[in-house]
Amino acid sequence: MQSVAFLGLGSIGRPMARRLKAAGFPLTVWNRTAERATVFANEIGVPLSRSARDAIKDADVVAICLSTSADVEQVLNAGAIVGIKSGATVLDLTSGDPATSKRMAAALATKKIAFIDAPVSGGVKGAEAGTLTVMCGGDAKDIERVRPVIEAFGKTIVHCGPVGSGDAVKAMNQALLALTIWGTGEVLVALAKSGVSPRVALEVINASSGRSNASMNLFPERVLNRSFPRTFRLALMDKDARIAAQIARDEHVPAPLTQLVADLCSAARMELGEEADHVETVQVIERWAGAQIK
Ligand code: NDP
C-alpha cells in the first residue's frame, strides 16, 4: 500500500485524512497550527510529525489540503519540496488556481515528482461519507497510480485534463454554487416580503425548474431552521469565485455574472468576516431587504 502524508487538517482535510487511516494507508499528518495536529493525530492514532518535512520524507503520496494554491506553494518552497522523495506524487486537494498549480508542477517535475491538482466537491459530509467528487488535472498514468488513495474519500473521480484543469472546473462549479445561493436568497427574501412562506416557495421551486443544490439542500437544512452551520468558509467561496472570474478574463470570455458574483462574495466577506460560512451570505441579502427567510 502506498504511504500517504496528509498536510492541512482543516474542516475538510480532517475527514479525508480520517478515511485514509480507516482504509489502512500508512499515514503521517501535519498542520501549521500544531495543536490541531496533536489533537487529530491522537484521535485517529497516527504518529505526530514535528514539521511538514518530517511528515513527507517517506511518503509515496503527499496529499495537501490548504486554503489556497499560494499557501501550498509557500509550504513547498519553505522546505517540503526538497524533502519529498523522487518518484512520489503530490496530490493537491486544495481548490486552487490553475496558474500556480502549473508552476508547482513544473518545479516538482525537475525532481521527478508528479503533481495532480485534485480539488474536491461534496462538502464535509461528503468527505466523511467518502462520496466526494474529485476533479483531477494531470497525467492519466499519475492519476491511475494514486487512484486507490483518492478512492478512500472520493466516489466520482474525473480526469479533467492536464495540470490546472481540475482547479479550473472546480472554480467554475463554485461560481455556480455562489450564483445559486445569491439567486435563491434573493427570490426567497422577495417572496417572504410579499407574504409567501419560504417553506411553501421552496416546496414549489424544488419540484420545478428553478431548483439547485442550494434550494434542495442548503436552504432547507441551513437557512429555514436558521442553523447556518460553519462547514465551508465564505472566504474560500470568495477565493473560488475570483479564480473563476480570472479564468474567464484570461480566456477573453465575457462573463458578467461570474464577475458580479465574485464581487458580491467579496462584499459579503468584508461584511461578515473571515470565519463566516458561505451560506451566511443570505443574511446580507436579508439585511438589505429588511426581511428574513424562515
Ligand atoms: P479551513 O479554513 O478549515 O482550513 C484551512 C487549512 O489550511 C488549515 O489546516 C490551515 O492551517 C491551512 N493553511 C492555511 N494557510 C496555510 C499556510 N499558509 N501554510 C500552512 N497551512 C495553511 O479550510 P477547509 O478545510 O474548509 O478547506 C481547505 C480547501 O478545501 C480549500 O481550498 C477549500 O476551498 C476546499 N474545499 C472545502 C470544502 C468544505 O466544505 N470545507 C469543500 C470543498 C473544497 P491552520 O490550522 O494552521 O490554520
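The shown structure was predicted, so the numbers you read here are calculated from the model rather than taken from an experiment.

Asker: Tell me what's going on with the nonpolar core, and back it up with residues and numbers.
Answerer: In this structure, F6, M16, L20, L91, L93, V134 and F153 are the most contacted members of the largest nonpolar core, which totals 33 residues. Secondary-structure elements contributing two or more residues to this core are strand 1 (4–7), helix 1 (13–22), strand 2 (27–30), helix 2 (34–44), strand 3 (61–64), strand 7 (132–137) and helix 7 (140–151). Those residues within four positions of L91 in sequence are excluded, and the remaining contacts are V61, V62, A63, I64, I116, A118, V146, V149 and I150. Residues L218, V223, C265 and I293 belong to the second largest nonpolar core, which totals 28 residues.

Asker: I'd love a proper account of the packing of helix 8 (residues 165–193) against helix 10 (residues 213–223), names of residues and values included.
Answerer: Taken N-terminus to C-terminus, the directions of helix 8 and helix 10 make an angle of 70 degrees; their axes are 9 Å apart at the nearest point. Classed by the angle they form, the pair helix 8 and helix 10 counts as roughly perpendicular. Judged by residue contacts, L177, T180, I181, T184, G185 and L188 of helix 8 engage N213, A214, S215, L218 and F219 from helix 10. Looking at the contact of helix 8 with helix 10 residue by residue, the class counts come to 6 nonpolar, 5 polar and no charged.

Asker: Could you give an account of the site of the ligand, with specific residues and numbers?
Answerer: Lining the immediate surroundings of the ligand are 27 residues, of which N31, T33, R36, S67 and T231 lie closest. With respect to the ligand, the side chain of T33 contributes an N or O atom lying 2.5 Å from an oxygen atom. One nitrogen or oxygen atom from the main chain of S95 is found 3.1 Å from an oxygen atom belonging to the ligand. About the coverage of the ligand: the protein hides 92% of its 890 Å² of free accessible area. No other element matches the 3 residues that helix 4 (residues 69–83) contributes to the shell around the ligand.

Asker: Before we move on, can you summarise the pairing of strand 2 with the specific residues and values?
Answerer: Remember that side chains alternate between the two faces of the sheet whenever the strand is regular. Inspection of the sheet shows strand 1 paired to strand 2 by 4 bridges, in the parallel sense. Residue A5 lies in a different strand from strand 2, and its bridge partner there is T28. Considered for its hand, the β-α-β crossover made up of strand 1, helix 1 and strand 2 is right-handed.

Cut-offs used in this document
- Residues numbered from 1 in each chain as written.
- Predicted model: local features only at pLDDT ≥ 70, side-chain atom pairs only at ≥ 80, totals over all residues.
- Heavy atoms only, no water.
- Core = buried A, V, L, I, M, F, W, Y, C linked by side-chain atoms within 4.5 Å.
- Buried < 20%, exposed > 50% of the residue type's maximum accessible area, 1.4 Å probe, protein only.
- Helix = DSSP H or I, 4+ residues; strand = E, 2+ residues; numbered from the N terminus.
- Contact = heavy atoms within 4.5 Å.
- Axes fitted to C-alpha atoms, helices over the stretch in contact; angles between N-to-C directions.
- Parallel < 35°, antiparallel > 145°, perpendicular 65-115°, else oblique.
- Nonpolar A, V, L, I, M, F, W, Y, C, P; charged D, E, K, R; others polar.
- Near = heavy atom within 4 Å.
- Polar contact = N/O pair within 3.5 Å; in protein donor to acceptor, adjacent residues only side chain to side chain.
- Areas by Shrake-Rupley, 256 points an atom, 1.4 Å probe, with all protein chains shown as cover.
- Pairing = 2+ DSSP bridges.
- Right-handed = clockwise from strand over helix to strand, strands pointing away.

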